[in-house]
There are 2 protein chains.
Amino acid sequence: MEKVAIIGVGMTKFGEHWDKGLRQLIAEAGAMAVNEAGIDGKDIQAIYGGNMSAGRFIGQEHIGALIADAIGLTPIPSTRVEAACASGGLALREAYISVAGGTYDVVVAGGVEKMTDVYTEQVSMTLGGAGDQEWEVFHGATFPSLYALIAKRHMHDYGTTEEQMARVAVKNHSNAAKNPLAQFPFEVTIEDVMGSTKVAEPLKVLDCSPITDGAAAVILANERIARKVCEDPVWIIGSGHATDTLALHDRRSITTLDASVLAAKKAMAQAKVTHKDIKVAEVHDCFTIAEICALEDIGFVKKGEGGKAEEDGMFDLNSTVSVNTSGGLKACGHPVGATGIKQAVEISWQLRGRAGKRQVSNADIGLAHNVGGSGATALVHILSREAK
Amino acid sequence: MEKVAIIGVGMTKFGEHWDKGLRQLIAEAGAMAVNEAGIDGKDIQAIYGGNMSAGRFIGQEHIGALIADAIGLTPIPSTRVEAACASGGLALREAYISVAGGTYDVVVAGGVEKMTDVYTEQVSMTLGGAGDQEWEVFHGATFPSLYALIAKRHMHDYGTTEEQMARVAVKNHSNAAKNPLAQFPFEVTIEDVMGSTKVAEPLKVLDCSPITDGAAAVILANERIARKVCEDPVWIIGSGHATDTLALHDRRSITTLDASVLAAKKAMAQAKVTHKDIKVAEVHDCFTIAEICALEDIGFVKKGEGGKAEEDGMFDLNSTVSVNTSGGLKACGHPVGATGIKQAVEISWQLRGRAGKRQVSNADIGLAHNVGGSGATALVHILSREAK
């Protein structure tokens, strides 16, 4: 297999873009990535685009061709992939597979979602399509309520507290305040989170990731090209992808996302790294409890110890592992199809020393963890300054 | 690159399945393919699933995980791809890339669409998502009207007649009458087509493919596995994928689908075959004019000569090239995400001599051609009894 590197990255500001549609967003992120890579558009051989639900958000399918058209890269092959909120991570993986296997030399992996063109209720129902429509959504379950079940059970089994969950939001907002592209670049306190409006008990508004427009893109190249055109490529040294039952109630446990456990194991085994090697990680904090589960499932702490570890500051900026330095889904924003690519963009900036005020010192290996729905899909990628 | 073979195929009957949902349809096709391949489910390492618009048809996204769950194959990686009506062909290509490049040894490529759970008007609007929502659908263009524009221009430029288009429907219905899995397994006459209700002048109901539920699946394996478990593997010897502008009005010509021309060139160059080598082909006849354009764009006849060639019977069963022996989208049915995989199933049956009353004699090389929208995506695959 070929070694694969990220040689350029780009992303839009995350937020409510009343003046831009899906095609403007992905064109902006794509152009930024191509420019940063210092390559010509004609060197790009294929596109992989992650998008969850443009069909329902903007009435548009055929997203692969739309991206090629919007970026001006027709007639090259362009493939849209979808795995709900893990669509971006999946685009990264399929792009990686295509370069690692030798089909292409240089490809774009992008992600995009335009969520604010419809009413909030419709966004909730559309996001419900990430769960089991027949057995969850039909009976009234939305994503806050599914993650509220996870939170309640985690509190029951492990003594996790609402304040510990709030601590996740405090950390991620603190990071977002240092990220000019974040949707909510301001700090919040534990009291702010605890006092915010209840959404689905015990989750409050400030425990939840927002509705966001945005796009992100990375350029992948094989070793031959990467070494030729890029001074500081970021190598993808591990890629893991796993699935689980679509419905939360079909799982053996609702506080452990087996797909995250398996995807992390696969990616870390391929990369030949241990948890101690990883200095920076973007994990899927669609809700604060989701970050706690993610850090346990990936293995940074034992099951049940995530809340306490957050409280102790283990995942703060420049502590044991700097987690969600971008602000995470929580405070950087969560344009669902773009999130997985944004994670790779943030880790790339960290490994290249370009993360500004939120720069992690001596970051040489990072991890990106992207979840679809309540855990029916998980993707984990390990990125490194050194090729392996 | 590894050689890749189809070692098992399956499909549901195409039609209106009031008693089956999307997950039952894909499980049925998937189980049939796995059984025919004579392998165990645990030998399968990944799934690629084509689906156009389950979000709008049944309120369900996260289709990759859903398929893995429905077939009982969690926790293996499962990837949903979308390219409108070419989603199935794209699933085949991405599955092919993953095996050819050595990431996986054995994968499923499936396609599925459940279209009849919503009103016909909603189906039309949803299918409109294959075109340009902002510039075509918004102004009232549906797919019959877009293809009517193509037909009118083809008639103007090349003298193609409505009777020649009707001849395509007559041929494809004649083939469907020999296919027990076809949605409309009965013959029609030119008079039937000419006298059927106008949809968008010059296209009549019998010029149009129907709304269909259905699923299809193929098992792909690398050479080591294929030779071990399969007596008569069908080799994928060429794969081409190209894109074009999303909107019809942005093209240099509306009667030539450049993406089809390019995808066919790429696939045939890789396969090292000429048109004379191809005895059987499934091409994208979403409308009768689309088959005429396809046969010209692939190069079986020169541009403008497709209508006359249809009239002369050049593409009838066991003539020069047997085209759409399954009945095509027109008469076998068009569950949009499944069509590209169904084409590979039909070609596999033909090359293995299992096509019953519609068997093409001495078929050793076949072609499958799948289009998204009005031609913004095209996929062409060349299948062969012999590995190359």
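Residues numbered from 1 in each chain as written. Chains lettered and ligands numbered in written order. Predicted model: local features only at pLDDT ≥ 70, side-chain atom pairs only at ≥ 80, totals over all residues.

1. Remarks on the interface of chain A and chain B
Contacts between the two partners involve 52 residues from chain A, matched on the other side by 52 residues from chain B. In terms of residue count, the dominant contributor to the side of chain A that touches chain B is helix α3 (residues 63-71) of chain A (6 residues). Across the side of chain A that touches chain B, the residue classes tally to 23 nonpolar, 21 polar and 8 charged. Across 3 bridges, strand β3 (residues 78-82) of chain A lies against strand β3 (residues 78-82) of chain B in antiparallel orientation. Along β3 of chain B, the bridge assignment pairs Glu82 of chain A with Arg80 of chain B. (Contact = placed C-beta atoms within 7 Å. Helix = DSSP H or I, 4+ residues; strand = E, 2+ residues; numbered from the N terminus. Nonpolar A, V, L, I, M, F, W, Y, C, P; charged D, E, K, R; others polar. Pairing = 2+ DSSP bridges.)

2. Overview of the relation of the copies chain A and chain B
Structural alignment of chain A on chain B gives an RMSD of 0.0 Å, achieved by rotating through 180 degrees and translating 0.0 Å along the axis. Such values leave the two copies arranged in the relation of a two-fold axis. In terms of C-alpha distance to the rotation axis, chain A has Gly101 of chain A as its closest residue, with the C-alpha 1.8 Å off the axis. (Least-squares fit on C-alpha atoms with pLDDT ≥ 70 in both.)

3. As for the packing of helix α1 (residues 22-37) of chain A against α3 of chain A
Residue and element names in this part refer to chain A. Contact geometry of α1 with α3 gives a least axis separation of 9 Å together with a crossing angle of 60 degrees. Between α1 and α3, the angle is such that the two are oblique. As α1 packs across α3, the resulting crossing turns out to be right-handed. Contacts between α1 and α3 involve Arg23, Ile26, Ala27 and Gly30 from the first element and Leu66, Ile67, Ala70 and Ile71 from the second. Its residues placed into classes, the contact of α1 with α3 shows 6 nonpolar, 1 polar and 1 charged. (Axes fitted to C-alpha atoms, helices over the stretch in contact; angles between N-to-C directions. Parallel < 35°, antiparallel > 145°, perpendicular 65-115°, else oblique. Left-handed = near helix turned anticlockwise from the far one by under 90°.)

4. Thoughts on unusual backbone geometry
Note: most peptide bonds trans; most residues except glycine with negative phi. The omega torsion across Thr74 of chain A and Pro75 of chain A is 10 degrees, close enough to zero to call that bond cis. Within the secondary structure, Pro75 of chain A sits in the loop between α3 and β3. The backbone phi angle of Asn318 of chain A is positive, close to 60 degrees, even though this residue is not glycine. Inspection of the secondary structure assignment puts Asn318 of chain A in the loop between α12 (306-311) and β10 (322-323). With a phi close to 55 degrees, Asn362 of chain B is a non-glycine residue in the positive phi region. Judged by the 9 C-beta atoms lying within 10 Å of it, Asn362 of chain B falls in the exposed class. (Buried ≥ 20, exposed ≤ 12 C-beta atoms within 10 Å, placed from the backbone.)

5. Examining the domain arrangement of chain A
Residue and element names in this part refer to chain A. Taken domain by domain, chain A consists of domain 1 (4-119 + 211-234) and domain 2 (126-209 + 237-383). Here domain 1 and domain 2 have C-alpha centroids that lie 22 Å from each other. Across the contact, 39 residues belong to domain 1 and 35 residues belong to domain 2. For the side of domain 1 that touches domain 2, the elements supplying multiple residues, two or more each, are β1 (4-11), α2 (54-58), α4 (87-100), β4 (106-113) and β7 (214-222). In terms of residue class, the side of domain 1 that touches domain 2 is built from 22 nonpolar, 11 polar and 6 charged. (Domains from an automatic or database assignment.)

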